[in-house]
Amino acid sequence: MMKKKSISSSKASLVLFLCQMISALDVPLDLSQPPTITQQSPKDYIVDPRENIVIQCEAKGKPPPSFSWTRNGTHFDIDKDAQVTMKPNSGTLVINIMNGGKAEAYEGVYQCTARNERGAAISNNIVIRPSRSPLWTKEKLEPNQVREGDSLVLHCRPPVGLPPPIIFWMDNAFQRLPQSERVSQGLNGDLYFSNVQPEDTREDYICYARFNHTQTIQQKQPISVKVFSMDSLNDTIAANLSDTDIYGAKPVTERQPILLTPTGSTSTKVELRGNVLLLECIAAGLPTPVIRWIKEGGELPANRTFFENFKKTLKIIDVSEADSGNYKCIARNILGSAHHVISVTVKAAPYWITAPRNLVLSPGEDGTLICRANGNPKPNISWLANGVPIAIAPEDPSRKVDGDTIIFSHVQERSSAVYQCNASNEYGYLLANAFVNILAEPPRILTPANKLYQVIADSPALLDCAYFGSPKPEIEWFKGVKGSILRGNEYIFHDNGTLEIPVAQKDSAGTYTCVARNELGKIQNEVQLEVKDPTMIIKQPEYKVIQRYGQVSFECIIKHDSTLLPTVTWLKDNDELPDDERFLIGKDNLTIMNVTDKDDGTYTCIVNTTLDSVSASAVLTVVARPNPPFDLELTGQLERSVELSWIPGDENNSPITNFVIEYEDGLHEPGVWHYQTEVPGTQTTIQLKLSPYVNYSFRVIAVNEIGRSQPSEPSEQYLTKSANPDENPSNVQGIGSEPDNLVITWESLKGFQSNGPGLQYKVSWRQKDVDDEWTSVIVANVSKYIVSGTPTFVPYEIKVQALNDLGYAPEPSEVIGHSGEDLPMVAPGNVQVHVINSTLAKVHWDPVPLKTVRGHLQGYKVYYWKVQSLSRRSKRHVEKKILTFRGNKTFGMLPGLEPYSSYKLNVRVVNGKGEGPASPDKVFKTPEGVPSSPSFLKITNPTLNSLTLEWGLPTHPNGVLTSYILKFQPINNTHELGPLVEIRIPANESSLILKNLNYSTRYKFYFNAQTSVGSGSQITEEAVTIMDEVQPLYPRIRNVTTAAAETYANISWEYEGPDHVNFYVEYGVAGSKEDWKKEIVNGSRSFFVLKGLTPGTAYKVRVGAEGLSGFRSSEDVFETGPAMASRQVDIATQGWFIGLMCAVALLILILLIVCFIRRNKGGKYPVKEKEDAHADPEIQPMKEDDGTFGEYSDAEDHKPLKKGSRTPSDRTVKKEDSDDSLVDYGEGVNGQFNEDGSFIGQYSGKKEKEPAEGNESSEAPSPVNAMNSFV
């Protein structure tokens, strides 16, 4: 909460008013005035006898006063005492003790008089006494022998000193003796024992008296205390009495309280007003009594009452007459109580009601001096004039004494004097000087001219006009140079001349003129007032909760007047910030790094300017995981239970929500702690259930919102007794691993579950539904037993019982298991297939007899695969697909079939061992479906009124094509579509010339194929007829073609339009509503490779030009090849293969060069003959007409061409036929390899290769050609 540190307006006004009133009565020192005492020593002046005595007396006056002293009522002639000097221009005496003087010789009552021609002022009576610290008188101290439980008082009786000493008790090692409700020190210094205990026995109870004035400590002789216990006291009595004597000390008995001090039932106490009242009650008793205080007929004063010394002392500060009354102390224990009443009377030394004040009068004026005081008893008032009783002072016709008042009438200059008022009673006196000064002076203003006052808006403004004049001047205030006199409720005019503006506003600023006038003259003074904007904290620090070792920041954003320079100070708990580099003070914040518990507290931002101060505070609470519990204790140990208790650790400002109890089994799992239970955070004890034969240790973890504490220290160990097992193994199962066995398994008991040593298991089994006896075996502490020689898959009853050295566990429950499974014996029969549509079929079968399953029936598996497509009449090796139908199901659906295809399937039964034999293959065919879109649509040869359309067959006809449907419509300049025209085209056509079109018109074409089932998806394209047989400049992208492989596709297109166009390719899954994916083509190329495609997926694609808004090609659809069963790796791209081939080529090149040289010398190297002799019989010739490979065939004399083979049968290589890239055969590849590695599909797009010249030459080849023939 933000709060101002400045003084409130009312208090500020009052303080300033009083201060300026006093200054207004001060006579300027350049004018004649009687003496005024300005400084003097205290009335009761205790001095150090080892140091010089300085008795102060300072005064002012005009002319400067002279000083004289009296001692014990007679004149003190300082000139006759060499040890005494008076300071120059001062009345202060210095008595030289350090050079041989004796302080005791100067004890007495001193009074100072300051005198000039206008009067004499006197000081108080100053009593000089040297301090005393006398030694303890020697005394013989007897040892204190006291019975246990009795009370005891050790008397201190310190020597009388001046001032009285401070008392405390210590031992020989200068260590303070511990005090408590039982043992404490009284106000008189004695040490009181309410009851003694054996531990109070010691020989060094020492009372010390410290005299502060002389800085000395006096020590009393040590006091010995011996406490007799009852046992030792009985032994002592027995040793000193005969056998016939009756002896025996009473045991320690409890006693009701009695008061050790004060004695009796009542006492009285007198205290002076304004002092501290101390009342004391110390009681004896066993058990130790407790003290309580009350005031009869009233309440103890709030805010002034304190209890000290374990409530044995009642302390009331600043007492007044209202505190008089009866105070009762009550000492109580379980046996009773005792009380004492102290009657308190509060007396009062004289105190001022109205002290006389200096009086300045002009000749002929009247005035009064008033001296009023109070006290108990009421004080006597007496007057002195210039230090002489007024009754014997020179007469002055202008004055008249009326009790506590002196009245002056028509004073003259000779009436100037100093008057003393003395108020006294039996408890003290008051003495005040007040002068009457007769002056005739014109006004003077003491406030500096043009003084600048600055205040904060909405706060009081106090403008001084300190003045002096005699007679007293009248004061008027004006605002501005020519302003009118200020009046009204907006202003307050003080008697000392101060102008107060209670609530200063911005428009209050300006120049103010103060005018002082009396009958002797007039004077004025100007002051300036500036009103500033208040300083505000617009963003105060906020309450923060932070975890230990975190970081926290407090904001303090301020707004202030631009002419004031603020300073920001941060405090912690109203004290300076710790000197720690973790505290970072920024411009508007305080950041604490790595917060610790010590940082918890209140942080205050204080903003100070020269005019105001504001502050705001926020509390930081540092939270952390709780400290671990401690003092774990086990009680109430039983065979199966124990009670655990603990003491919580510090919760670290976050309440503990619960305690987690963990245990360790030191017998079976030493070092491993297990969860036992947990209890709420308010609970610190719990009854724990235990297991037999476990060596328990416990620990407790405290949990709060921040986290878990460290575990407590472990408790003591507790070993429980052994017993029979309480439980049997769980999760008993019987499952055979072989057709002729039964494997019995179970979960072993944990160590603490064994309940005793020698844990074993009794395993029993018998065949179910057969009248057999149980077969049993006892095994060691294992978890498996194998029964051999069992029939295949028959049910068994199984049970496993735990036992230890003390006996068996309760009878276990039985479970059913089975011996081992074997593969099913028969296949499902009567397999039937019902074709639902072109992509879905339903298969039925008869279930196999359960006896032939020979295991747990898990279900049936349907294997199905595509044999061939009925439209292409070509076989394909496709991976078989498997569908599993769980349980005893006899039918299933086969989804995802391809239309117009031939399929085979078989069905097998499945058990836990595996699959049974397959049913005979069942053949079924899927009907026709709708075709995919045509593979391409090209529009060529534009004329004024015609366009030529060419297209390709659908990639997936899905039946017999019946026709093509062409739809087209014109598009005008605003991209609006015209009427739609539809044309049906025979299925055997692959081109069409569309005539009778409008010239220079753009058309949009929609093209799709049909089967007997319906129309397939369409492909779109746009084209423009020409105008005046000139190719239009309208940009277009046409003839988008695709060549797809398994995971990528080659996209190419033709572009007509402006140069320097950047293209992009957009693609997506055909039929999907997902957004198009966009790939940017580098440069202005007209081809692009799409990578990362999904095998066997139909995609749509289109090409666009950047910068041509909305300009894109028509969509094309293609399908990637299906995924291979095992991916073929192109060996030609492998690094090791390339390196090996390079090495082989280099060796062959060297060999050929050598052969060439030898041949030139006459020898020939029959390379070609040798190659012909070792021709690869698996190499197929290329077709001469189109350069493609032959169709796939199963005939043994027509092996498929090996992957990578490109060499004709004549063993020569055409330069253009290099297999470095498939791009040479077309724009893309739409082919793939079958499972056996054969290549399927066609190369397309490029014109036929021309035969290279010279390949038939019989001459020796060049080295390069020779190398090519081997690659």
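Rules and cut-offs
Residues numbered from 1 in each chain as written. Predicted model: local features only at pLDDT ≥ 70, side-chain atom pairs only at ≥ 80, totals over all residues. Heavy atoms only, no water. Helix = DSSP H or I, 4+ residues; strand = E, 2+ residues; numbered from the N terminus. Buried < 20%, exposed > 50% of the residue type's maximum accessible area, 1.4 Å probe, protein only. Contact = heavy atoms within 4.5 Å. Areas by Shrake-Rupley, 256 points an atom, 1.4 Å probe, with all protein chains shown as cover. Disulfide = S-S within 2.5 Å. Pairing = 2+ DSSP bridges. Axes fitted to C-alpha atoms, helices over the stretch in contact; angles between N-to-C directions. Core = buried A, V, L, I, M, F, W, Y, C linked by side-chain atoms within 4.5 Å. Phe/Tyr/Trp six-rings, centres within 6.5 Å; stacked < 30°, edge-to-face > 60°. Lys NZ or Arg CZ within 6 Å of the ring centre and 35° of its normal. Patch = residues over 30% accessible without salt bridge, like charges linked within 9 Å, V, L, I, M, F, W, Y side chains within 5 Å. Salt bridge = Lys/Arg side-chain N within 4 Å of Asp/Glu carboxyl O. Lys, Arg positive; Asp, Glu negative; His and termini not counted. Charge placed at Lys NZ, Arg CZ, Asp CG, Glu CD. Polar contact = N/O pair within 3.5 Å; in protein donor to acceptor, adjacent residues only side chain to side chain.

Student: Is there a simple way to think about the overall build of the chain in this case?
Tutor: Assigned secondary structure in the chain consists of 6 helices and 96 strands. Relative to its full complement of 1271 residues, the chain shows a buried share of 41%. At a minimum sequence separation of 6, the contacts of the chain that also span at least 24 residues come to 64%. As displayed, the chain offers around 68400 Å² of accessible surface, 51% of which is attributable to carbon and sulfur atoms.

Student: Whenever I open this one, the state of the cysteines confuses me. Can you help?
Tutor: As used here, a disulfide is simply a covalent bond connecting the sulfur atoms of two cysteines. Inspection of every chain in the model, using the stated rule, returns 6 disulfides. With a sulfur-sulfur separation of 1.6 Å, Cys371 is cross-linked through a disulfide to Cys421. Across the S-S bond of Cys371 and Cys421 the torsion is about -70 degrees, and the bridge reads as left-handed. Within this pair, whereas Cys371 is found in the loop between strand 31 (367-370) and strand 32 (372-376), its partner Cys421 is found in strand 37 (residues 417-425), the two being separated by 50 residues in sequence. Among the residues examined, Cys421 registers a relative accessible area of 0% and is labelled buried. Paired through a disulfide, Cys465 and Cys514 show a sulfur-sulfur distance of 1.7 Å. Where Cys465 bonds to Cys514 through sulfur, the torsion about that S-S bond is close to -60 degrees, and the disulfide is left-handed. Here Cys514 lies in strand 46 (residues 510-518) and Cys465 lies in the loop between strand 41 (461-463) and strand 42 (467-470), a separation of 49 residues in the sequence. Along the chain, the cysteines engaged in disulfide bonds are linked according to the scheme 1-2, 3-4, 5-6, 7-8, 9-10, 11-12 when indexed in sequence order.

Student: Would you mind going over the sheet that holds strand 17 (residues 191-193) with me for this structure?
Tutor: Strand pairing in a sheet relies on backbone hydrogen bonds, with the paired strands running either antiparallel or parallel. Across the sheet, 3 strands lie side by side as 14-17-16; this open sheet has antiparallel pairing. Of all the strands in the sheet, the pair left with one neighbour each is strand 14 (152-154) and strand 16 (183-185). Across this sheet, the average inter-strand angle for adjacent strands is 15 degrees, counted without regard to direction. As paired elements, strand 14 and strand 17 share 3 bridges and run antiparallel to each other. Bridge assignment links Leu152 to a residue of strand 17, and that residue is Phe193.

Student: How should I be thinking about the environment of Asn741 in this particular structure?
Tutor: With respect to the helices and strands, Asn741 occurs in strand 66 (residues 741-747). Note on Asn741: relative accessible area 8%, which makes it buried. Spatially, the C-alpha atoms of Asn741 and Gly789 are 5.7 Å apart, while their sequence positions differ by 48 residues. Each residue touching Asn741, except ones within four places of it in the same chain, is listed here: Gly736, Ile786, Val787, Ser788, Thr790, Ser819 and Gly820.

Student: Just checking my understanding: could you explain the pairing of strand 18 (residues 202-211) for this structure?
Tutor: Successive residues of a regular strand alternate their side chains across the two faces of the sheet. Strand 18 sits mainly inside the fold: 7 of its 10 residues count as buried. The pairing of strand 15 (residues 166-170) with strand 18 spans 5 bridges and is antiparallel. The residue bridging Trp169 from the neighbouring strand is Cys207, located in strand 18. Bridge count between strand 18 and strand 20 (residues 223-228): 2 bridges; the pairing is antiparallel. Looking at the pairing, Tyr205 lines up with Ile223 of strand 20. Two elements, strand 18 and strand 19 (residues 216-219), share 4 bridges in a ladder whose sense is antiparallel. Residue pairing for strand 19: Tyr208 is matched across the bridge by Gln219. Between strand 18 and the antiparallel strand that follows it, strand 19, lie 4 residues; Gln215 among them carries a positive phi value of about 50 degrees.

Student: What is the right way to look at the nonpolar core in this model?
Tutor: The nonpolar side chains of a soluble globular protein tend to be buried, and buried together. Counting residues in hydrophobic clusters, the biggest one holds 28 residues, and the most contacted among them are Ile53, Ile55, Trp69, Ile95 and Tyr110. For this core, the secondary structure elements donating two or more residues are strand 4 (53-55), strand 5 (57-62), strand 6 (66-71), strand 9 (93-95), strand 10 (108-116) and strand 12 (126-130). With 3 residues, the top contributor of residues to this core is strand 10. Ile53 has contacts with Val47, Leu93, Val94, Ile95, Ile97, Ala103, Tyr106 and Ile128, leaving out every residue within four places of it along the chain. Core analysis: the next-biggest nonpolar cluster, separate from the first, contains 20 residues, Leu634, Tyr663, Leu688 and Ala702 among them.

Student: Quick question: what am I supposed to make of the sheet that holds strand 81 (residues 937-940) here?
Tutor: Spatially, the 3 strands line up as an open sheet ordered 81-82-85, and their pairing is antiparallel. Bordering the open sheet on either side are strand 81 and strand 85 (991-994), each of which pairs with just one other strand. Sheet twist, expressed as the mean angle between neighbouring strand axes with direction ignored, is 20 degrees. Sheet topology places strand 82 (residues 947-951) next to strand 85; 4 bridges connect them, and they run antiparallel. In the sheet register, Glu950 faces strand 85, and the bridge partner there is Ser991.

Student: Is there a simple way to think about the side chain of Gln185 in this case?
Tutor: Locating Gln185 in the fold gives a position in strand 16. With residues up to four places along the chain from it excluded, the contact list for Gln185 reads Ile167, Phe168, Trp169, Gln179, Asp190, Leu191, Glu280 and Asn309.

Student: Can you walk me through the packing of aromatic side chains in this structure?
Tutor: Each aromatic ring pair is summarised here by two numbers: the centre-to-centre distance and the angle between the ring planes. Going through the model one piece at a time under the given rule, you end up with 24 aromatic pairs. A centroid spacing of 6.5 Å and a plane angle of 40 degrees characterise the contact between Tyr491 and Phe493, whose relative ring orientation is tilted. You can call Tyr491 buried: its relative accessible area is 16%. The exposure class assigned to Phe493 is partly exposed, which follows from its relative accessible area of 39%. Look at Trp845 and Tyr860: their rings are 5.4 Å apart centre to centre, the planes differ by 50 degrees, and that puts the pair in the tilted class. Linking Trp845 in strand 74 (residues 840-846) with Tyr860 in strand 75 (residues 857-869), this pair joins segments that are 15 residues apart in sequence. The rings of Phe168, Phe174 and Tyr208 are connected pair by pair, giving a single aromatic cluster. Positioned over the ring face of Phe936 is Lys938, at 5.1 Å from the centre of the ring.

Student: Can you walk me through a nonpolar patch on the surface in this structure?
Tutor: A grouping of Trp1136, Leu1140, Met1141 and Val1144 is seen on the molecular surface, where their side chains present a nonpolar patch of about 380 Å² in accessible area. With respect to the element layout, Val1144 can be found in helix 4 (residues 1135-1160).

Student: Help me understand a negative patch on the surface in this model?
Tutor: Negative charge collects at one region of the surface, where Asp631, Glu633, Glu643 and Glu716 lie side by side. If you trace the backbone, Glu716 turns up in the loop between strand 63 (695-704) and strand 64 (718-719). The partly exposed category is assigned to Glu716, whose relative accessible area is 46%.

Student: So what exactly am I meant to see when it comes to the pattern of salt bridges here?
Tutor: Working definition: two side chains of opposite charge can pair if their charged atoms are close together. Going through the model one piece at a time under the given rule, you end up with 38 salt bridges. We note a salt bridge from Glu1066 to Arg1102, for which the minimum N-O separation is 2.8 Å. Here Arg1102 lies in strand 93 (residues 1098-1105) and Glu1066 lies in strand 90 (residues 1063-1069), a separation of 36 residues in the sequence. Arg1102 shares its class with Glu1066; the two are buried. One continuous salt-bridge network, built from bridges that share partners, spans Asp171, Arg202 and Asp204.

Student: Which parts of the structure should I look at to understand unusual backbone geometry?
Tutor: The bulk of non-glycine residues show a negative phi, and the bulk of peptide bonds are trans. With an omega of 0 degrees, the peptide bond running from Leu286 to Pro287 counts as cis. Following the sequence through the fold, Pro287 ends up in the loop between strand 24 (282-286) and strand 25 (290-295). Going from Asn376 to Pro377, the amide bond is cis rather than trans, its omega being 5 degrees. The residue Pro377 is located in the loop between strand 32 and strand 33 (380-385) in this model. One non-glycine residue, Asn653, lies in the positive phi region at around 70 degrees. Among the secondary structure elements, Asn653 is positioned in the loop between strand 59 (641-647) and strand 60 (656-665). Backbone geometry places Asn830, a non-glycine residue, at a positive phi of 55 degrees. Looking at the secondary structure, you find Asn830 in strand 73 (residues 829-837). Given the relative accessible area of 47%, Asn830 is considered partly exposed.

Student: How do you make sense of the side chain of Asn1039 when you look at a structure like this?
Tutor: Checked against the element boundaries, Asn1039 lands in strand 88 (residues 1036-1044). Within the local environment of Asn1039, its side chain forms a polar contact with the backbone nitrogen of Ile939, the two atoms lying 3.5 Å apart. Here Glu1054 takes part through its side chain, which lies 3.0 Å from a polar atom of the side chain of Asn1039. Sequence-distant contacts of Asn1039, defined by excluding residues within four places in its chain, comprise Lys938, Ile939, Thr940, Glu1021, Ser1052, Trp1053 and Glu1054.

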